[in-house]
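Structure assessment
The primary structure of each chain is shown beneath.
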4 protein chains.
Amino acid sequence: MKLSQHQISSFNDDLLKDHAKAFAYTAEKVSDIQYVLQRLQEFQVAIPSWALGTGGTRFGRFSGGGEPRNLEEKIEDVGLLHTLNRASGAISLHIPWDIPENAPSIKALAAQHGLRFDAVNSNTFQDQPGQKHSYKFGSLHHTDKAVRKQAIEHNIEVIKYGIELGSDALSLWLSDGSNFPGQLNFRHAFQRTLESLQEIYAALPDQWKLYIEYKCSEPNFYSTTIADWGQSLMLANKLGSKALTLVDLGHHLPNANIEQIVALLLMEGKLAGFHFNDSKYGDDDLTVGSINPYQLFLIFNELVEGMDARSMNHASDLGWMIDASHNVKDPLEDLLQSVEAIMIAYAQALLVDTKALEAARQSNDVVTAQDILQEAYRTDVRPLIAQARLLNGGALQPVQLYRSLKVRDQLVKERGAKTVATGL
Amino acid sequence: MKLSQHQISSFNDDLLKDHAKAFAYTAEKVSDIQYVLQRLQEFQVAIPSWALGTGGTRFGRFSGGGEPRNLEEKIEDVGLLHTLNRASGAISLHIPWDIPENAPSIKALAAQHGLRFDAVNSNTFQDQPGQKHSYKFGSLHHTDKAVRKQAIEHNIEVIKYGIELGSDALSLWLSDGSNFPGQLNFRHAFQRTLESLQEIYAALPDQWKLYIEYKCSEPNFYSTTIADWGQSLMLANKLGSKALTLVDLGHHLPNANIEQIVALLLMEGKLAGFHFNDSKYGDDDLTVGSINPYQLFLIFNELVEGMDARSMNHASDLGWMIDASHNVKDPLEDLLQSVEAIMIAYAQALLVDTKALEAARQSNDVVTAQDILQEAYRTDVRPLIAQARLLNGGALQPVQLYRSLKVRDQLVKERGAKTVATGL
Amino acid sequence: MKLSQHQISSFNDDLLKDHAKAFAYTAEKVSDIQYVLQRLQEFQVAIPSWALGTGGTRFGRFSGGGEPRNLEEKIEDVGLLHTLNRASGAISLHIPWDIPENAPSIKALAAQHGLRFDAVNSNTFQDQPGQKHSYKFGSLHHTDKAVRKQAIEHNIEVIKYGIELGSDALSLWLSDGSNFPGQLNFRHAFQRTLESLQEIYAALPDQWKLYIEYKCSEPNFYSTTIADWGQSLMLANKLGSKALTLVDLGHHLPNANIEQIVALLLMEGKLAGFHFNDSKYGDDDLTVGSINPYQLFLIFNELVEGMDARSMNHASDLGWMIDASHNVKDPLEDLLQSVEAIMIAYAQALLVDTKALEAARQSNDVVTAQDILQEAYRTDVRPLIAQARLLNGGALQPVQLYRSLKVRDQLVKERGAKTVATGL
Amino acid sequence: MKLSQHQISSFNDDLLKDHAKAFAYTAEKVSDIQYVLQRLQEFQVAIPSWALGTGGTRFGRFSGGGEPRNLEEKIEDVGLLHTLNRASGAISLHIPWDIPENAPSIKALAAQHGLRFDAVNSNTFQDQPGQKHSYKFGSLHHTDKAVRKQAIEHNIEVIKYGIELGSDALSLWLSDGSNFPGQLNFRHAFQRTLESLQEIYAALPDQWKLYIEYKCSEPNFYSTTIADWGQSLMLANKLGSKALTLVDLGHHLPNANIEQIVALLLMEGKLAGFHFNDSKYGDDDLTVGSINPYQLFLIFNELVEGMDARSMNHASDLGWMIDASHNVKDPLEDLLQSVEAIMIAYAQALLVDTKALEAARQSNDVVTAQDILQEAYRTDVRPLIAQARLLNGGALQPVQLYRSLKVRDQLVKERGAKTVATGL
């Protein structure tokens, strides 16, 4: 199913008057509204192909209806999101869940929807039917060279798919680790991982990047071989300038100060980008901004300040991707909420008076420093986001339009009520 | 496959001399060795039927071979464990994974293996094929009365199966909760849960008990409707004397002092028993004693002291069950390790000089209090466990015998390499 | 130092035009603006007497200047805050830090400032000079009856002071616990605490309440004798209807769902009220709303809905108090920021469309439920707070007025640069 | 007070027979008992000068009696410990708490007690009387260059004291950080810290080392400027080969896998050594091994294996120090318990069959890998420790001898009941 620009316009029409008023009120308080709007219009968040179906837990999965049955339908779904919010103009594929059998046609389809291909993701945390060696005890860190070789080759194959589609980064998350004390020689596991990564790194085209994700636990429950940002950074440093550290918001120990980690990785020129989500207990993969939106704002505050300090392009110099699991929500609605939460945090960060903030910091005026951040955070920036969307040709209220058009019902009709998208 | 008493004896023969020496050395330091041995001989830990296959995570499951294909084979597996360690003389079934189609024959089979049926477990955290209503949004707390009714009836059915098999407790874990702020009215969810439980409670036979498990998160990631011991106890108190709180070691927030919770529940006469496992990050369901054996000892220290204070029978007045998931170990070996770790903690607790401990506490002699506990904990009690096993007719070293007999190979031969037991 | 109404008016004058515009814009979207404003005007947060000086940690304390040197000056400080924000019309005393030697004169002074006396707090976590027995090993739970008696009598004395001042609640936080496994018999410690509390409870006047605070750790590092809401509630239930559970936001294990606890305590009629603060790692006692403002909103959402369900008066039927420590901020500025954050969360909660929320919950429309909460949370309610303050005669921007009047400089001049207020 | 060798011998005499039996039984199972005993005899744990008095929390401090009143008495106390256990042959001083006014005489005194001076510690987390600039907002990371300079000079002064005493390392823990979002520019704070450290580093003599401690929180509650091992390692790498990362067991986020961090730092040649203690909630600074002795063993398991892999000398190639706070125990007894716990963990680690372990790892035999570790851990190694102590001339049971000689009573008599040692 596809939305027409007309459907969007007529939906917006009814809301325009109220929106114009809200935007005028809000814009008046923004010192450089054109700058802010341009940034918001440019900013795009990639949608992972595996997030288009209902997610599950080890206890079960309650699939919804109308889930995409193949890569083409996944691209359609992302196209639909992008049509609604004009901020989801990229898709991140996962191999082998989304092997593009006919790359040119897939590329053309994506182009029709205005989508580009973001980082490609490999999978060595599950065994595929017919696979020679099992990843039960890990992949790139495995004690058996043959297993490592298989995992390396898989990653190189993923790069090839990425090249065909015009992607320029390999995003790598390893589930490698151990469940019990004694199971693993940490040092050897690290060294083997490094050697495997070196082979993959060698296969990267020029201009490509290698994103190295870290995670403190799960699915291994005693240790993970790339457990924190320090371990990822060590690997990235040993590999070379193309290797960078990817931050997934849900992959930290309780109470971690993620914004500080982000600031330091940026300082080192080693931040790859993000897997956005939110969580309360572990790697819960909840809708972005649903649990702790202030933390998200603080992270964006570091990003804006830190990228500006390095004259980086906000929209294109880091990788922005959602990585969430929608167990009890319509995946498309969840993704719309997630992108909205990201845009809000970004807009708030753009409103921070950084000059005044640095002055307050310089004089240790903690009260004022907090006030400056909260002044931006407490501002209702939704009219700014909506305006950027409007200027981009999107809907003023994407979820409402999605609902009023009964998109899910349509998808169920087209694809069936019992479809289960590939993914977790 | 079945082990003969002869196989065990001949295995033990080679080890007897060393064992006798170790036992003599250890027993000498125990003030009432007969008492300790009797307790150890009586103590039995129930094996859950779902723990006999390889477990998995939301990211995948790497099944081993020779997993039991039906309830009969599960009983065989537990029988095998019990033959080896003489401390696993009970099985805890899970409905609908283990529906006993012919109860008398199942009962007879269990009896042949010297097994009794421990608490029966219901399942309203997954949808079964053909099920009318979905549990996607919960079961006993569901906003829709029809769903609650279905879940209540399922629990009543589970009680019926339990009656047929001679069980005397229903163990209830709800996955009910919410993934996002706003999703749930906490108060209404609690009240609906209470009302549902009242209907189930009303269906309990005399002498039966209702075990109410709590869990701080997962599979719901924002709230769980029975989240902690306080919420479980509130329900148990409102229900009546048959309702008790079950403690699963992995179901607590980080750093929780579980031993204190155990002591207070015992004090209130409201402790049902345990689901034993170990964990480092979340509900990792690892082998008992593999991560923090001192905590396990501290819990048993409270149990021994608290049960003695109420003149309870250690072996029979609480429910003892393992609840673990064996992702990278042979499930039977894992269970042998778990039972051994439980017996060790129990034996250490039996060695605590409680009189001296109370005296030290009375005078706030913290150094001595710690020393008394660590004196017991640092003692190598393995010869005592082995002796109890020997007296019960078990193997001195169960895992070693299991391996030397190549039991797993046999099971694979009998059952196939690709079997997947029902469970998670 | 005292602010005149004239100073406030002339400060407001310059801001009135902008405020009027912002208020009009915001109020337009509120369905019953009069109701909201009245609630906000009535709502008062008590200031604890110990929060008027610079706080410290075990590593040191960096006092600021102009700290109050006695109870009179503490009342002056709170009076100043209340003059500024008209939302701090109560003070919570701590004995023996603030013994009112001449109660009638103290009462008169408070009345001049428009302040009432909130709950009085006892202190059995420190030894006072000349004290007969030490609290090194606890107070109400102590193994030595003489120590318990001393602590009980202290609490009864605190009640007497409270009666003289017109307070109507005793707020009790025990530091009792243990630092090492073995140190304490948990059961006996609980029973001794209960017995001690029964004696204190017996000394409560009619209409008085006993607030029982819980805390998961610190200053005892292995166990605390009232560790969580469940233990506090057990005590409150055993004591009687005057005994209630007090929630301090910083006293929970990592990741605890505090809003659910609040909802259930309200449901049971056993919620006493709050000690507001914020924290990232432990009981950090930071400015309210400085770390996780969304959590604060979620708590207020439960409060508004839960109190309305019981027809409770928002302003007077629970105890509202700040409990923070200002290590690097001017305490008065910090308290103004804290009260503002509380008012914001309360106002946002008042904006929640509870009817629509219940409808979304009823149909498990999780996306809409989240949207309803976030609609209220994302609204910039500061103009509503400012309007309520204006109507009450306070300053539109309290911190700015405080700064422009150079209040701290004045206080330093009056009281000296090296004063150290009693407290932590 | 000083213990004579005769007092020790006569105390040991009564215990010798039982000990000999226990040692024989235990030694028999050790493959190379001479090797193990030699390692145990050589291993020495430094006692920090600040740990000889009763510690406190922000809520209070309950001093015991007989605390050392000056550096000489602190040395005496450590001498006493070393006489008892022959494993505490070093002292770690803290400036300005322990300024050696007359270095040669202090050195001579230490030599008399058989003590050497371990790493010296600086203090820029408190303001000293007469200090020009305050550390309220940090030291080496301070925005004000003058404050940084003062802190740098203090550290250089500490090095000078260290040189005079024969120490060869500066151990540096910064409390620098922030309490509130916005307070700090993380990047600038890191850069300023690095520059300050470079100046200190430049002042290090040849052969000296700089230990850089990290800590996730406290006394700053939002961020700490050297928050985790990754940040410490980044600094150490940028500084040079003399700079190393110090691990304090209590300075990690909940659930951190410390043993893995240790293994990787060792691999990188960047591990400085340890501050030993134990904790349950935060940086609780409890007696080593009192909460989670298995974790301590796992850390030593990495140390033994990792140091052997680099042919390092266990006793001298890393810094071993206790850093604990004794709030409710006699500090000297607590330190004896701590050293004992360290020796036990070390001995257990020496017993691990590393060859078999590597073989099990190679074949992913997780059950066996765990068994190998637990075989060593479950062994009662206390007779080995006692034997090493005996061979070194120490007491078979140090705490018992300390008590039977009523050492604390003596110290109270000598020094008074109200003395308060410098420290926290």
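All figures in this text were calculated on a predicted structure; none of them were measured in a lab.

1. Observations concerning helix H2 (residues 33–42) of chain A
All names here are of chain A. When H2 is considered as a whole, its buried residues turn out to be Ile33, Val36, Leu37, Arg39 and Leu40. Buried residues of H2, viewed axially, fall in a sector of 160°; they line one side. Elements that come into contact with the buried residues of H2 comprise helix H1 (5–27), helix H10 (331–351) and helix H13 (382–391).

2. Some details on the interface of chain D and chain C
Taken residue by residue, the interface counts 45 residues in chain D and 45 residues in chain C. Here chain D and chain C share an interface that buries about 3900 Å² over both sides, 66% of which is from carbon and sulfur atoms. The largest per-residue losses of area from chain D upon contact with chain C belong to Arg58, Phe59 and Phe62 of chain D, which jointly make up 23% of the total buried on that side. Where chain D packs against chain C, one counts six salt bridges. Across the pair Arg58 of chain D and Asp285 of chain C runs a salt bridge whose closest N-O atoms are separated by 2.9 Å.

3. A short note on the nonpolar core
Formed by 532 residues in total, the largest nonpolar core has its most connected members in Phe300 of chain A, Phe300 of chain B, Phe300 of chain C together with Phe300 of chain D. Dropping the residues within four chain positions of it, Phe300 of chain B is found in contact with Phe43, Phe276, Trp320, Ile342, Ala345, Tyr346 and Ala349 of chain B.

4. Describing the UniProt feature "domain: Xylose isomerase-like TIM barrel" (unreviewed entry) in chain A
As annotated by UniProt and renumbered to match this structure, "domain: Xylose isomerase-like TIM barrel" (unreviewed entry) occupies residues 100–285 of chain A. Annotated as 37% helix and 16% strand, the span residues 100–285 of chain A places its first and last C-alpha atoms 26 Å apart.

5. Structural notes on the relation of the copies chain D and chain A
Both copies of the chain are tied together by a single rotation about an axis and a shift running along it. Once chain D has been moved 0.0 Å along the axis and rotated by 180°, it coincides with chain A to within an RMSD of 0.0 Å. One copy is carried onto the other by what is essentially a two-fold rotation axis. Scanning chain D for the C-alpha nearest the rotation axis identifies Gly230 of chain D, at a separation of 2.2 Å. Here 100% of the interface residues in chain D have copies in chain A that are interface residues too; the copies meet face to matching face.

6. A short note on the pairing of strand S9 (residues 209–213) of chain D
All names here are of chain D. Burial analysis of S9 places four of its five residues in the buried class, which makes it a mostly covered element. Where strand S7 (residues 169–172) meets S9, four bridges bridge the pair, whose relative direction is parallel. The partner of Ala169 across the bridge, within S9, is Lys209. Sheet analysis places S9 next to strand S11 (residues 243–248), joined by four bridges and oriented parallel.

Criteria and thresholds
- Residues numbered from 1 in each chain as written.
- Chains lettered and ligands numbered in written order.
- Predicted model: local features only at pLDDT ≥ 70, side-chain atom pairs only at ≥ 80, totals over all residues.
- Heavy atoms only, no water.
- Buried < 20%, exposed > 50% of the residue type's maximum accessible area, 1.4 Å probe, protein only.
- Helix = DSSP H or I, 4+ residues; strand = E, 2+ residues; numbered from the N terminus.
- Arc of directions from axis to C-beta.
- Contact = heavy atoms within 4.5 Å.
- Buried area = accessible area lost by both parts, 1.4 Å probe.
- Salt bridge = Lys/Arg side-chain N within 4 Å of Asp/Glu carboxyl O.
- Core = buried A, V, L, I, M, F, W, Y, C linked by side-chain atoms within 4.5 Å.
- UniProt positions renumbered as here; feature names shortened; annotations may be inferred.
- Least-squares fit on C-alpha atoms with pLDDT ≥ 70 in both.
- Pairing = 2+ DSSP bridges.

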